Amino acid sequence: MPDSESLPTATELVDAPLSASSNETAADAQGLWSAIRESLRGSHRDYTSGPIGRAIIMLAIPMVLEMCMESIFAVVDIKWVSYLGPDAMATVGLTESLMTLVYTLAIGLSIGATATIARRIGEKNSDGAARAAVQAIALALIVSAMIALIGAPLAPKLLSLMGASPEVVAKGGGFTRVMLACNASVVLLFMINAIFRGAGDAAIAMRVLWLANAINILLGPCLIFGLGPFPKLGIVGAAIATNIGRGTGALYAISRLIRSGGRFDIRRHHVRLEPAIMTRLIRLSATGTLQVFIGMASWVGLVRTISSFGTDAVAGYVVGIRVILFALLPSWGMSNAAATMVGQALGAKKPDRAERAVWKAGFYNLIFLGSVGLIFVLFARQIIGLFTTDPNVVPYGVDCLRIVAYGFLFYAYGMVLTQSFNGAGDTWTPTIINLFVFWLWELPLAYVLAIVFGIGPRGVFLAIMIAFSTLAIVSALVFRRGTWKGHAV
């Protein structure tokens, strides 16, 4: 846990001395507002020096807003789909579980890219950063092509393997096929935004995701319900809208990446395959991918357990988890800020600064998630009621939201610590922790509580809460040992 000297202070946020006078208080507020505006516009500030609290805020604000838009889309999307009935909602939930494999690869690849780019920027090696960025994008394109060729033709069979009923397979097979065939939009979006975040250009990553998800939100109901000149495509329309939005965002991100005047410039001579750099990225990303796969695969196992209790239980779980993501995704923004700080600080040979940044980011996250968790616990039924009024679905959604939210205080530090290991290039440590917590603890516990003890879906929700709390405690104990400070990238 952080000591008193490492806790964030108001003075660090505004770079001004504490004063009781009204004039200096106004100056402090003006300084904070100036920092917020700078972070939203984009800044070439050096994050390896200066007040740590201010640096975290400068990085975190656009990253949190980026994730907020992703949260809004996740909630709005399931709201539109809910009008199509429980089968459609179950299709989205089961497909999202399949898409976790895509997200696993995308996030795993992005972990390697962020760590590498952040380290090169901290070393003031802009040419190395540009070369790594090109190799990362090439790797993303190769991986996404392989997923599309294998996954799209097998979409209905994959849904059946996930426990979908014949009705769900018949209605949702097209949705799953489109999502798998167009996975490049997801992989590229993750990868390029990871490059921007590692470089400290968080404002650009924010604009990319805002553009992508704004298109998703506006186009979704048009294609689902056939509004105006648009065809009525039902649940398949949701998939098409999602990929049009993400694809547009990815194209915009590429245009910003190749534009001159950023943290590094990609020149024509950089656009070539460099096996040595790609091998290093693959080695780093492979461990990151395994790490994320362990966590993501556990969600697949949880859905498989829940699906044994029927479509209503799956639908309630989907709504509850989407609302939880509404809170957790902004926290990932804070976690990504910590990862960037760690990578750049280690590149600048300032490991103590990296450690202080992690504890401060964790404290900020604690304040946010603790507040949101309290709201979820007190108003779970009202919140779930905003997304579905089906009397058979609502109780499951309420249980999921309330039980999982009990562990939010632990999640706050756990998320930041995990990303900080990754930002340092120490991807093996969180991988081993994930293996223990999710596969050897969470999945067996969920099965025992839900099936053996007969608690039902509540047993699964309890297992989620217990596992993520365990993750936070174990990560904190390992982080304090400091071995992550010596990893080379």
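Turning to its location among the elements, S82 is positioned in helix 3 (residues 52–82). We classify S82 as buried; its relative accessible area is 15%. Non-local contacts of S82, meaning those with residues more than four positions away in its chain, are made with M89 and F387.

The next thing to look at is the side chain of S185. In this structure, S185 sits in helix 8 (residues 184–199). Of the polar contacts made by the side chain of S185, one reaches the side chain of N243; its length is 3.0 Å. Setting aside its immediate chain neighbours within four residues, S185 contacts N243, R246, G247 and A250.

Now for the packing of aromatic side chains. What the rule picks out here adds up to twelve aromatic pairs. Centroid distance Y83 to F225: 6.3 Å. Interplanar angle 70 degrees. Geometry classified as edge-to-face. Taken as a pair, Y83 in the loop between helix 3 and helix 4 (86–122) and F225 in helix 9 (residues 202–225) lie far apart in primary sequence, 142 residues in all. Grouped by ring-pair contacts, the aromatic residues W359, Y413, F421, F479 and W484 constitute a single cluster.

This part takes up the packing of helix 4 against helix 7 (residues 166–181). Interaxial distance between helix 4 and helix 7 falls to 9 Å at its minimum, and their mutual angle equals 40 degrees. Crossing angle aside, the handedness with which helix 4 passes helix 7 is right-handed. On helix 7, the residues that touch D87, A90, T91, V92, L94, T95, L98, M99 and V102 of helix 4 are E167, V168, K171, G172, F175, T176, M179 and L180. By residue class, the composition of the contact of helix 4 with helix 7 is ten nonpolar, four polar and three charged.

What follows covers the nonpolar core. Counting 111 residues, the largest nonpolar core has I117, I195, F264, Y317, F376 and F408 as its most contacted members. The contact partners of F376, leaving out residues within four places of it in the chain, are V323, I324, A327, I383, L401, A405 and F408. Listed in part, the 39 residues of the second largest apolar core include I61, L417, A424 and F438.

Right, let's talk about helix 17 (residues 428–452) for a bit. Along its 25 residues, helix 17 runs 33 Å from first to last C-alpha, staying within 8% of the 36 Å computed at 1.5 Å per residue. Listed as buried for helix 17 are T429, P430, T431, I433, N434, V437, F438, E442, L445, A446, L449 and A450. Buried residues along helix 17 sit in contact with helix 11 (275–307), helix 16 (408–423) and helix 18 (457–479).

So, about the pattern of salt bridges. Taken as a whole and judged by the stated rule, the model has seven salt bridges. Where D265 meets R267, a salt bridge forms, and the shortest distance between an N and an O atom there is 3.2 Å. Salt-bridge contacts for E355 lead to K485; the nearest nitrogen and oxygen are separated by 2.6 Å. Linking E355 in helix 13 (residues 351–378) with K485 in the segment after helix 18, this pair joins segments that are 130 residues apart in sequence. Each of D127, R131 and E274 takes part in a single network of salt bridges with overlapping partners.

Attention now moves to the environment of A297. Along the polypeptide, A297 turns up in helix 11. Note: C-alpha distance between A297 and A118 (179 residues apart in sequence) is 28 Å.

The next thing to look at is the confidence of the model for the protein chain. Do not read the predicted coordinates in detail wherever pLDDT is low. Per-residue pLDDT for the protein chain has a mean of 84; in total, 92% of the residues score no lower than 70. Below a pLDDT of 50 lies the segment residues 1–22, which in the model reaches 38 contacts outside its immediate sequence neighbourhood of four places, other chains included.

Cut-offs applied
The numbering scheme is per chain: residues are counted from 1 as the chain's sequence reads. Local features in this predicted model are restricted to residues whose pLDDT is 70 or higher, and side-chain atom pairs enter the listing and the counts only when it is 80 or higher, whereas totals over whole chains, interfaces and linings include all residues. Water and hydrogen atoms play no part in the side-chain values, which are based on all heavy atoms of the structure. By the criteria applied, helices consist of DSSP H or I runs no shorter than four residues and strands consist of E runs no shorter than two, each listed in order from the N terminus. Only protein chains enter the accessibility calculation, which uses a 1.4 Å probe; a residue whose area is less than 20% of its type maximum is buried, one above 50% is exposed, and one in between is partly exposed. Note on definitions: a residue-residue contact is assigned when non-hydrogen atoms from the two residues lie within 4.5 Å. Counting of polar contacts relies on pairs of N or O atoms within 3.5 Å, with two restrictions inside protein: one atom must be capable of donating a hydrogen and the other of accepting it, and residues adjacent in sequence are counted only when both atoms are side-chain atoms. Each aromatic pair joins two rings of Phe, Tyr and Trp (for Trp, the six-membered one) with centres within 6.5 Å, and gets the label stacked for planes under 30 degrees apart, edge-to-face for over 60, and tilted for any other angle. A fitted line through C-alpha atoms serves as each axis, taken over the contacting stretch for helices, and the angle formed by two N-to-C directions is quoted from 0 to 180°. Each crossing gets its hand from how the near helix is turned against the far one by less than a right angle, where anticlockwise is left-handed and clockwise is right-handed. Each residue is assigned to one class: nonpolar for Ala, Val, Leu, Ile, Met, Phe, Trp, Tyr, Cys and Pro, charged for Asp, Glu, Lys and Arg, and polar for all the others, Gly among them. To qualify as a nonpolar core, a set must consist of buried Ala, Val, Leu, Ile, Met, Phe, Trp, Tyr and Cys residues joined through side-chain atoms within 4.5 Å. Expected span, for any helix, means 1.5 Å times one less than how many residues it has. A carboxyl oxygen of Asp or Glu within 4 Å of a side-chain nitrogen of Lys or Arg is what we treat as a salt bridge. Across the chain, each position has a pLDDT score giving the predictor's confidence in that residue, from 0 to 100.

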